[in-house]
Amino acid sequence: MSPAPRSAGLSLAGARPRVRRMVLAQIRNVDSVAVYRGDQVVAVVMFGRHGWRRTELALSLAHDAHRHMRRLVRMAQLTLFRMAETHLIVANIRPGNSAGERMAMLVGFRRSQLKQLGVWVLRKD
């Protein structure tokens, strides 16, 4: 569902007020998509533009999203590869977040060669 409803973002944001405010601000200010499995929210994806060509991906996953990971990865590939034809797609993943790094690698992201740690760039090759 696009744009993602605020209730979907809040259901995945957790209990910390600061994180909840940040997720609501992202949903309000950038393009967003909510992925449902039945009535359950599985993921909320937000695309923020940085400059004329760079798009940053932010992703919130449900705790039990691992059950649907193959489908989520395939949906991400189909969507992001089409977007990558005209935009540079990047993701910020905290160093040490092995689940986030693993999912990024499955989708097609590679670590950037920048000094800034945690920046991953989508490669179509």
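Scroll up for the structure.
The text that follows walks through the structure, step by step, so that each part is easy to find. (Residues numbered from 1 in each chain as written. Predicted model: local features only at pLDDT ≥ 70, side-chain atom pairs only at ≥ 80, totals over all residues. Heavy atoms only, no water.)

Here's the deal with the side chain of threonine 55
We apply this condition: Helix numbering and strand numbering both begin at the N terminus, where a helix is a DSSP run of H or I of at least 4 residues and a strand a DSSP run of E of at least 2. Note on classification: 1.4 Å probe, protein chains only; a residue is buried when its accessible area is under 20% of the maximum for its type, exposed when over 50%, partly exposed between these limits. When checking whether two residues touch, look at their non-hydrogen atoms; a contact exists if any pair is within 4.5 Å.
Relative to the assigned elements, threonine 55 resides in strand 3 (residues 54-61). Overall, threonine 55 belongs to the buried group, its relative accessible area being 3%. The residues touching threonine 55, leaving out its near neighbours within four places in the chain, are Phe47, Gly48, Met83, His87, Leu88, Ile89 and Val90.

As for the pairing of strand 1 (residues 31-37)
Using the following cut-off: DSSP calls a pair of strands paired once it identifies at least 2 bridges connecting them.
With 7 bridges joining them, strand 1 and strand 2 (residues 40-50) adopt antiparallel strand pairing. Bridge pairing in strand 2 links valine 35 to alanine 43.

A short note on the pattern of salt bridges
Where charged atoms from two side chains of opposite charge come close, those side chains can pair. Quick reminder of the rule: For this analysis, a salt bridge means a side-chain nitrogen from Lys or Arg found within 4 Å of a carboxyl oxygen belonging to Asp or Glu.
Summed over the entire model, instances satisfying the criterion amount to 2 salt bridges. Between arginine 111 and glutamate 101 there is a salt bridge, with the nearest N and O atoms lying 3.5 Å from each other. Of this pair, arginine 111 sits in strand 5 (residues 109-111) while glutamate 101 is found in helix 4 (residues 98-107), placing the two residues 10 residues apart along the sequence.

Re the side chain of glutamine 77
For glutamine 77, the position within the fold is in helix 3 (residues 69-83). Not counting chain neighbours up to four residues away, the residues in contact with glutamine 77 comprise Leu106 and Val107.

Structural notes on the packing of helix 3 against helix 4
Formally: Lines are fitted to the C-alpha atoms to define the axes, a helix being fitted only along its stretch in contact, and any angle between axes, read from their N-to-C directions, falls within 0 to 180 degrees. Any angle between 65 and 115 degrees counts as roughly perpendicular, while under 35 counts as roughly parallel, over 145 as roughly antiparallel, and the rest as oblique. Two helices cross in a left-handed way if the nearer one is turned anticlockwise from the farther one by less than a right angle. They cross in a right-handed way if the turn is clockwise. Each residue gets one of three labels, nonpolar for Ala, Val, Leu, Ile, Met, Phe, Trp, Tyr, Cys and Pro, charged for Asp, Glu, Lys and Arg, and polar for the others, Gly among them.
Running from N to C, helix 3 and helix 4 cross one another at 55 degrees; their axes reach a closest spacing of 9 Å. When the interaxial angle is binned, helix 3 and helix 4 end up oblique. Judged by the sense of rotation from one axis to the other, the crossing of helix 3 with helix 4 is right-handed. Every residue of helix 4 that contacts helix 3 at Met69, Leu72, Val73, Ala76, Gln77, Leu80 and Phe81 is listed here: Met103, Leu106 and Val107. Of the residues belonging to the contact of helix 3 with helix 4, the class tally is 9 nonpolar, 1 polar and no charged.

Here's the deal with the packing of helix 1 (residues 6-13) against helix 2 (residues 17-29)
Following both chains from N to C, one finds helix 1 and helix 2 inclined at 150 degrees, their axes separated by 9 Å at the closest point. Put simply, helix 1 runs roughly antiparallel to helix 2. You can see that helix 1 and helix 2 cross each other, and the crossing is right-handed. The residues of helix 2 that touch helix 1, namely those facing Arg6, Gly9, Leu10 and Ala13, are Val19, Arg20, Val23, Leu24, Ile27 and Arg28.

Some details on the sheet that holds strand 1
Sheet architecture is open: 6 strands sit in the order 1-2-3-4-6-5, paired in mixed fashion. Each having just a single partner strand, strand 1 and strand 5 make up the two edges of the open sheet. Taken pair by pair, the neighbouring strands of this sheet meet at an average axis angle of 30 degrees, ignoring direction. The strands that helix 1 touches are strand 1, strand 2 and strand 3; relative to strand 2, the one it contacts most, it runs at about 105 degrees.

Some remarks on the nonpolar core
Going by this rule: For our purposes a nonpolar core is just a set of buried Ala, Val, Leu, Ile, Met, Phe, Trp, Tyr and Cys residues, chained together by side-chain atoms within 4.5 Å.
Formed by 21 residues in total, the largest nonpolar core has its most connected members in Leu57, Leu72, Leu80, Ile89, Val107, Phe109 and Leu122. Those elements that place two or more of their residues in this core are strand 2, helix 3, strand 4 (88-92), helix 4 and strand 6 (119-122). Those residues in contact with phenylalanine 109 that lie beyond four places of it in its chain are Leu57, Leu80, Ile89, Val90, Ala91, Ala104, Trp120, Val121 and Leu122. Ala8, Leu12, Val41 and Met46 belong to the second-largest nonpolar core, a separate cluster that totals 11 residues.

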